[in-house]
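# Residue-level structural notes
The lines below spell out each chain.
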Amino acid sequence: MANLCLSVPGQPYLDESYRSVCFQTFLSILQSSKTSDVDDITFCMLLQNALKGIQSLLNGGKMKLMQTDQLGSLLAVLKNRRKKAKGKQKKGEFGEDTKEDLADTGNESIHEIDMLKLHLGDVQNGPCSDPRTHALDVAYMPAGKDHLSSHYNSWKRISSSESEYSDAEGGIQSKMRSYQAKVRQGALACFLSAIKSIEKRVLYGYWSAFVPDAPGIGSPQSVSLMTIALKDPSPKTRACSLQVLSAILEGSKQFLSVAEDANDHKRAFTPFSVTIASSIRELHRCLLLALVAESSSQTLTQIIKCLANLVSNAPYNRLKPGLLTRVWNQIKPYICHKDVNVRVSSLTLLGAIVSIQAPLPEVQLLLQQPSSSGLNNSGTGTPHRFNSSEQWRKTLPLEGEPPDNPGNMPSEPCWLIRLCISIIVLPREDSCSDSDANFPSGSVYEPSPVRLESLQVLALLVKGYFSMAQSYLLELGEVACKCMEEMDPSIQLHGAKLLEELGTGVVQQYKPDSAIAPDQRVPVSVVVAFWTMMLNGPLPGALQNSQHATLQTSACDALSSILPEAFSSLQNDRQILCITLLLGLNHSENPLVKAAAARALGVYILFSCLRQDVMFVADTANAILNSLHDKSPNVRAKAAWSLGNLTDTLIVNMETMGQSFQEEFSDLLLLKMLRSATEASKDKDKVKSNAVRALGNLLHFLQPYHITNPRFRETIEESLQALISTVQSEATMKVRWNACYALGNVFKNPALPLGEAPWTTQAYSALSSVVKSCKNFKVRIKSAMALSIPSKRECYGPTEQFCQIWSALVVALQKSEDTEDFLEFKYSASLRTQICQALIHLLSLAKNTDLPFILETITENGDAIKSYVLQYMKSGVEENEAGMHIDLCEREKALKGAIEHLCGIEKQLEGKARIRVSVYLEDILTNHVNATELTEA
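All values reported here derive from a predicted model rather than from experimental measurement. (Residues numbered from 1 in each chain as written. Predicted model: local features only at pLDDT ≥ 70, side-chain atom pairs only at ≥ 80, totals over all residues. Heavy atoms only, no water.)

A count of helices and strands for the chain gives 47 helices and 2 strands. Residue burial in the chain is summarised as follows: out of 937 residues, 55% are buried. Summed over its atoms, the accessible surface of the chain is roughly 41,800 Å², and 52% of this surface lies on carbon and sulfur atoms. (Helix = DSSP H or I, 4+ residues; strand = E, 2+ residues; numbered from the N terminus. Buried < 20%, exposed > 50% of the residue type's maximum accessible area, 1.4 Å probe, protein only. Areas by Shrake-Rupley, 256 points an atom, 1.4 Å probe, with all protein chains shown as cover.)

Here it is in structure tokens:
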């Protein structure tokens, strides 16, 4: 039956009805007790096949344990088999408690902890000698207690010489232990399949049943997955339990993110956050104990992988420091372990530590530890390896390298960087272990997986702790060069990825919002030397290696990470080389390469030394438009992003260079860009979001002679309709946000007939609708901003249209706190700020025919509007969505300007028709001034 449940490729699987019958049959077998006429080994084989059948149903049949009774039954039966797999049992050893537990398992998750005991009882009765347990028992037991030693006495202390069994009996017992171990392994394999077949949110409801939350002090240790990993005599069973634990930990970041024990909790109850934090600490403790006690290389690899999974998901920024330090110090000896897989997994764990929530102060201190710290017993060759790693490049003098090391070189070298460099570039020193037999014996270097993992650790360290790595910039650049010159494509690829991280780290330091002081940054001269080395080295070759498209893609990404200030200082022929390579790769047949080249051109077009070159802008525009029509959605998405950047450049050039640039730029190319962007605005959302951004910029860039040109007229109309329809569409919020932003850009062009053309009404109507009713507050903010951009009253059209916009903004202000999504509340203050700015802007432009409607609105909603405007006036310095600071003085100035404008209009009205909206505003200003004076007093 178990074999029938196996999935055979190309053949239909069992019908649902048969699957259900098989599951219930297997379940009933596992629930049954061993009868006297069945020997122990036969019964173990029966259990193995039943477990194998359930596993096949879960794996091949994609069976989902959706029903609570199914899941509960399976958990209960695994629990029951743990006890029944012991073989002979004393009378009354289990009875009522088993029945009670089985009944409760489907209802209460707390009983499902025994699922994790998974036949651990097998090892409690069978005689066995396992030397690893003697050392472990001392470390594992809580201080001052010896309860576990008596609990497990029957299997831990009996050696073959002390056994009461004869040789024949010993052989039977050995065979029995082997079968029982296979049952435990089958149960764990079944458990692993069950984990994969249930949703994570259901799985984490049983977290406390799977994972210990505190060491057992004063009472027997509760059996969990960690107990199996620590105590089971079979290395394979221990490895299985660790695989299950890894599967539970994988993807647990959101669940574990609630953990917190940074503050001492002195309460009558233990918060859930503290319970989870305690569980995380216990996992660290147990896994590190298992690490010390383990002798099997395969199981050791699983322990370290499990630790890496734990580190990748635990919220260390919310926990008391010290956990990572213990992991860090205990893993160091295993970096030089004789087994390749252990070395690789150790490096993976170090990579997890330097990447999790970087930068963490605790990790920063660990990286600054002396090279020899914790490595004294790490194996042969370590000290010499570190010394050699510091000397390796002295035989490779770099032309143009400054005599002094750039940046702030730490007094003690970063041992992890030194270690990784030594693994990557130095010949291996120790003899091959058994596990190295799978790798080429002729290689003088470490096996490829170890070198690849070292490269990944370097890349992660550079990404998370660039301040630690920046003093090694030129040396790491040489490492990347050496890797890209090798024959192994994987080594080449990871060398290019390291280069990209180094370039990105430098770029981040020079960003306007960077917190790094100028004198702490890598000097531009060093960055120029770095990129000169790359461009004179293997990078151009990697970019032209059409046989290795992935390498080309990574090389493109690396080339796009060059610092703009450094690019402008490169020799002219190196600049031309970069541009020529990227423009050429934009015509690649491989979509990954083409997408990377299109993105890189989008980065280069923002360089100040290139953006004013009309020929470069034109060449880049043609290349991007070519990619915008590619059949690959990814290529089109990258090209649309680059087109958005290119049109940003057009606006910057228009503002800085004036008409000279606009006149030099080809009208035919501009028309082509408009048409392509309009077409792209109907594409997938990833393309559309940047296509509408480009449309807004292009329509802003147009000059009067473009607008009057018959060749442009139809395209302009289509572009405007595309923007308006996108604002009104059900597209993603990012797309609609960009569309509102684009319409705001359109309104900035004085050459467009805003207020007169038919599309004006449609544009204002779309924005008015969005500002009132869009679920996303950021889109509402952007629409309110767009409505406040026109600088003249004529741009708003007739009185009826002006009043509709005013009314929409008033309604939007009153609904600024109405949302079903709690996450939107944090934007409500920004929304009110933007709406108040728009209302005051409209009042400062209103004409006499607008005032009656405005007064009517104020009469109906005056108190509400007044409270919001007063709140806006006193809210102090804020940064609006456009990134501009609006301070208190500017707000008062805008309000006073509106009052003066309204006073002037109101004086023109005579007799009873005289309307005093200005009085309402003066009252708001007076209240604001009085409140300010009281606060200051």
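Resuming the write-up.
So, about unusual backbone geometry. For residues that are not glycine, phi is negative in most cases, and the peptide bond is trans in most cases. Here Ala358 and Pro359 are connected by a cis peptide whose omega angle stands at -5°. Looking at the secondary structure, you find Pro359 in the loop between helix 18 (340-355) and helix 19 (361-367). Phi is positive for Gln357, close to 45°, though the residue is something other than glycine. Among the structural elements, Gln357 can be located in the loop between helix 18 and helix 19. Residue Gln357 is classed as partly exposed on the basis of its relative accessible area of 28%.

Attention now goes to the environment of Lys200. Note on placement: Lys200 falls in helix 10 (residues 200-203). A relative accessible area of 35% places Lys200 in the partly exposed class. C-alpha of Lys200 to C-alpha of Phe255: the two residues are 55 residues apart in sequence and 9.2 Å apart in space. What Lys200 contacts, discounting residues up to four positions off in sequence, is Ala247, Ile248 and Glu250. (Contact = heavy atoms within 4.5 Å.)

Attention now goes to the packing of helix 15 (residues 272-293) against helix 16 (residues 297-313). The contact between helix 15 and helix 16 brings their axes to 10 Å, and the two run at 160°. Considering the angle they form, helix 15 stands roughly antiparallel to helix 16. Helix 16 is crossed by helix 15, and the crossing has left-handed handedness. Across the interface between the two elements, Ile280, Leu283, His284, Leu287, Leu288, Ala290 and Leu291 of helix 15 pack against Leu300, Ile303, Ile304, Cys306, Leu307 and Leu310 of helix 16. (Axes fitted to C-alpha atoms, helices over the stretch in contact; angles between N-to-C directions. Parallel < 35°, antiparallel > 145°, perpendicular 65-115°, else oblique. Left-handed = near helix turned anticlockwise from the far one by under 90°.)

Another point: the nonpolar core. Leu416 and Tyr604 are the most contacted members of the largest nonpolar core, which has 252 residues in total. If one sorts the elements of this core by residue count, helix 15 sits on top with 10 residues. Sequence-distant contacts of Tyr604, that is, excluding residues within four places in its chain, are made with Leu559, Ser560, Ile562, Phe567, Cys578, Ile579, Leu582, Leu610 and Phe616. One finds Ala2, Tyr13, Phe26 and Tyr179 within the second-largest nonpolar core, a separate group that totals 24 residues. (Core = buried A, V, L, I, M, F, W, Y, C linked by side-chain atoms within 4.5 Å.)

Let us now look at helix 41 (residues 758-773). Spanning 16 residues, helix 41 covers 24 Å between terminal C-alpha atoms, matching the ideal 22 Å at 1.5 Å per step. All of the buried residues in helix 41 are Trp759, Thr760, Ala763, Tyr764, Ala766, Leu767, Ser768, Val770 and Val771. As for helix 41, its buried residues are in contact with helix 39 (710-728), helix 40 (733-747), helix 42 (777-787) and helix 43 (799-814). (Expected span 1.5 Å × (residues − 1).)

A few words on the packing of aromatic side chains. By the definition in use, this model includes 15 aromatic pairs. Both rings, one in Trp207 and one in Phe255, keep their centres 5.3 Å apart while their planes meet at 55°; by these two values the pair is tilted. With a gap of 48 residues between them, Trp207 in helix 11 (residues 207-210) and Phe255 in helix 14 (residues 253-256) connect regions that are remote in the sequence. Here Trp207 matches Phe255 in class, with each residue buried. Ring geometry for Phe747 versus Tyr764: centroids 5.3 Å apart, planes at 45°, classification tilted. Placement of Phe747 in helix 40 and of Tyr764 in helix 41 is noted, with a sequence separation of 17 residues between them. Judged by relative accessible area, Phe747 falls into the buried class, the value being 6%. One aromatic cluster in this structure is built from Tyr204, Trp207, Phe255 and Phe272. (Phe/Tyr/Trp six-rings, centres within 6.5 Å; stacked < 30°, edge-to-face > 60°.)

Another aspect to go through is the confidence of the model for the chain. On average, residues of the chain carry a pLDDT of 81, and 78% of them reach 70 or more. For residues 394-410, every residue scores under 50 in pLDDT, and the model assigns this stretch 19 contacts once sequence neighbours within four places are set aside. (pLDDT = per-residue confidence, 0-100.)

Every α-helical turn comprises 3.6 residues, leaving residues that sit three or four positions apart pointing alike. Compared with the 30 Å implied by 1.5 Å per residue over 21 residues, the 31 Å span of helix 46 (residues 888-908) between its first and last C-alpha is a close match. Here helix 46 has its buried residues at Arg891, Glu892, Leu895, Ala898, Ile899, Leu902, Cys903, Ile905 and Glu906.

All right, on to the packing of helix 17 (residues 323-331) against helix 18 then. Between two packed helices, both the angle of their axes relative to each other and the distance between the axes serve to describe the pair. The geometry of helix 17 relative to helix 18 is characterised by a closest axis approach of 11 Å and an angle of 155° between their N-to-C directions. Comparing the axis directions of helix 17 and helix 18 gives the class roughly antiparallel. Seen from above, helix 17 lies across helix 18 with left-handed handedness. Packed against helix 17, whose contacting residues are Leu324, Val327, Trp328 and Ile331, the element helix 18 presents Ser346, Leu349, Leu350, Ile353 and Val354 at the interface. Looking at the contact of helix 17 with helix 18 residue by residue, the classes come out as 8 nonpolar, 1 polar and no charged. (Nonpolar A, V, L, I, M, F, W, Y, C, P; charged D, E, K, R; others polar.)

In total, this model carries 18 salt bridges according to the counting rule given. Two residues, Arg281 and Asp261, come together in a salt bridge whose shortest N-O distance is 2.6 Å. Here Asp261 lies in the loop between helix 14 and helix 15 and Arg281 lies in helix 15, a separation of 20 residues in the sequence. Note on Arg281: relative accessible area 23%, which makes it partly exposed. Residues joined in a network through salt bridges with shared partners are Arg451, Lys482 and Glu486. (Salt bridge = Lys/Arg side-chain N within 4 Å of Asp/Glu carboxyl O.)

As for its placement among the helices and strands, His284 is situated in helix 15. Classification of His284 as buried rests on a relative accessible area of 2%. Beyond its immediate stretch of four places on either side in the chain, His284 contacts Leu310, Tyr316, Leu323 and Val327.

What follows is about the side chain of Asp630. Mapping Asp630 onto the fold places it in the loop between helix 33 (614-628) and helix 34 (633-657). Polar contacts involving the side chain of Asp630 include one to the side chain of Lys594, which spans 3.0 Å. Setting aside chain neighbours within four positions, we find Asp630 in contact with Lys594, Val635 and Arg636. (Polar contact = N/O pair within 3.5 Å; in protein donor to acceptor, adjacent residues only side chain to side chain.)

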